[in-house]
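# Fold and geometry: a report
Okay, here's what each chain looks like letter by letter:
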Amino acid sequence: MSLTEKVAQLRAGIKRARLKLGLDTFVIALVGAIVLAYFWNDPGTYNGTVTLHDVANYGVSLIFFFYGLKLSPEKFKEGLSNWRLHVVVQTATFIAFPVIVLSLMSLLGTNGNKLFWIGAFYLAALPSTVSSSVVMVSIARGNVPSAIFNASISSLLGVFITPVWMGIILSSKGANYDITSVVLKLSLQVLLPVVLGILLHPKFGAFAERNKVSLKVFDQSIILLIVYTSFCESFANRMFAGHSIAEIFILGMAMIALFLLIYGIITLVSRLLNFSTEDHITAVFCGSKKSLVHGTVMSKVLFPGISGVGVILLPLMIFHALQLVAASIIAQKFDKR
C-alpha cells in the first residue's frame, strides 16, 4: 500500500469516527470560531461604517427567507393531524425545558454564575431545531411528516414564546425589557422572511431544493459569524476572566443531564400515551433539541449592547454539540431496530 493510500485510509477512518460521534464539521468550526475570537477579536469589535454585525443582520433575514422557500406546504399539511404528538413536542420544548431550569435556578441560586444561568434559561426557552431534527428522525425511521410540522411550527412559535419567557427572567434582574419591541423586531427579522419564502415556494422552491447544500453552508457561515462576533466582544471585555475550566466542565455536565432528563420525560409520556415507535422517535428528537440558529439570531435582539453575549451563548453551544452527539448515537440505535 502506497503512502497516499495509507493517508487516504487514515482520513476515511477519522471521518467515519467523527460522524459516528456526531462531531460534524460545523461543530468543529464553532470551536474554531471561538478560538479565533480569543486570539483575534479586533474585526468583531470594529465599529466603523460597515461592521461584521451588519453583515450578520442581513444574513439572518436571508437564512429565514431561504428556510421558508424550502418549506413545502404539502409536507407541512401532511403532519398536521397528529395533534397528540404535536402537543407533547411543543409542551416539552416551551414548557418542560424552561420550568425545569427555572426550578433549578430557584433551588440552587445564581450567585457567581448569573450569565451562565441566564444562558441556560435562554437555551431552555428557545424553539426546537429544524433541519437536524428532521434528519435524525429520518435516520431513525420515525414519523418524518410530523417532524417537519413540529420543527416548523416550533420555529414560528419561538418568535413569540421565547421573548415572553426571557422577559420573566430579565425583568426580575432589573433589566429594561420591552417585550413588544422585541417581538416586533423578531417578527420583522425572522417571521416576515419566512412568510415571504413560503409565498414564493411554488415558484422558487425547486431552486432552493437543488441548492440546499449551498444554502446550508450559507446558514452555517452566518451562524459562525454571529458566534465569532459575540465571543470577540466577550473576550475583549474579559467576560470569561472570572470563570474557570472546572466551571465550564460542570456546565457541560449539566447540559448533558438536562438533555437526558428531557429525553427521559418524553420517553415516559410517549409510553403512557401508547405512541407508535415512529411517533415516539419524532417526539424525543423534536422535543429534546434546541435551535442554535434561533439562539444566535435572537441574542442580537434580546441582549443588545451586552458585552457578555458570548458567555450567555456558551450553554447553548455546548448543548448543541452534545445534542448532536447524543442524537446521532440514539438515531443509529433506532435504525438498527
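Residues numbered from 1 in each chain as written. Predicted model: local features only at pLDDT ≥ 70, side-chain atom pairs only at ≥ 80, totals over all residues. Heavy atoms only, no water.

## Things to note about helix α12 (residues 212-236)
Between its terminal C-alpha atoms α12 stretches 36 Å, which fits the 36 Å expected from 25 residues at 1.5 Å a residue. Where α12 ends, the next residue or the one after it, Arg-238, has phi of about 55 degrees, a positive value. (Helix = DSSP H or I, 4+ residues; strand = E, 2+ residues; numbered from the N terminus. Expected span 1.5 Å × (residues − 1).)

## Concerning a nonpolar patch on the surface
Together, Leu-184, Leu-188, Leu-192, Val-195, Leu-196, Leu-199, Leu-200, Phe-204 and Phe-207 give the surface a local cluster of nonpolar side chains, amounting to about 810 Å² of exposed area. Elements represented by at least two residues in the nonpolar patch include exactly α10 (179-199) and α11 (201-210). Along the chain, Leu-184 falls in helix α10. Given a relative accessible area of 52%, Leu-184 falls into the exposed group. (Patch = residues over 30% accessible without salt bridge, like charges linked within 9 Å, V, L, I, M, F, W, Y side chains within 5 Å. Areas by Shrake-Rupley, 256 points an atom, 1.4 Å probe, with all protein chains shown as cover. Salt bridge = Lys/Arg side-chain N within 4 Å of Asp/Glu carboxyl O. Buried < 20%, exposed > 50% of the residue type's maximum accessible area, 1.4 Å probe, protein only.)

## Focus on the pattern of salt bridges
By the definition in use, this model includes 1 salt bridge. Notably, a salt bridge pairs Lys-212 with Glu-209, separated by 3.2 Å at the nearest N-O pair. For Glu-209, a relative accessible area of 41% puts it in the partly exposed group.

## As for the packing of aromatic side chains
One pass over the structure, following the stated rule, counts 10 aromatic pairs. Arranged with centres 5.0 Å apart and planes meeting at 90 degrees, the rings of Tyr-38 and Phe-39 form a pair that is edge-to-face. Across the pair, Phe-39 and Tyr-38 agree in class, each one exposed. Taken together, Tyr-38, Phe-39, Phe-231 and Phe-235 form an aromatic cluster joined through their ring pairs. Against the face of Phe-94 rests Lys-290, its NZ or CZ located 6.0 Å from the ring centre. Lying over the aromatic face of Phe-97, Lys-290 brings its terminal NZ or CZ to 4.4 Å of the ring centre. (Phe/Tyr/Trp six-rings, centres within 6.5 Å; stacked < 30°, edge-to-face > 60°. Lys NZ or Arg CZ within 6 Å of the ring centre and 35° of its normal.)

## Some points on the packing of helix α13 (residues 245-272) against helix α14 (residues 277-287)
With their axes 9 Å apart at the nearest point, α13 and α14 run at an angle of 155 degrees to one another. When the interaxial angle is binned, α13 and α14 end up roughly antiparallel. Two packed elements cross with a definite hand, and for α13 against α14 that hand is right-handed. In this structure, α13 contributes Ile-262, Tyr-263, Ile-266, Thr-267 and Ser-270 to the contact, and α14 contributes His-280, Ala-283, Val-284 and Gly-287. (Axes fitted to C-alpha atoms, helices over the stretch in contact; angles between N-to-C directions. Parallel < 35°, antiparallel > 145°, perpendicular 65-115°, else oblique. Left-handed = near helix turned anticlockwise from the far one by under 90°. Contact = heavy atoms within 4.5 Å.)

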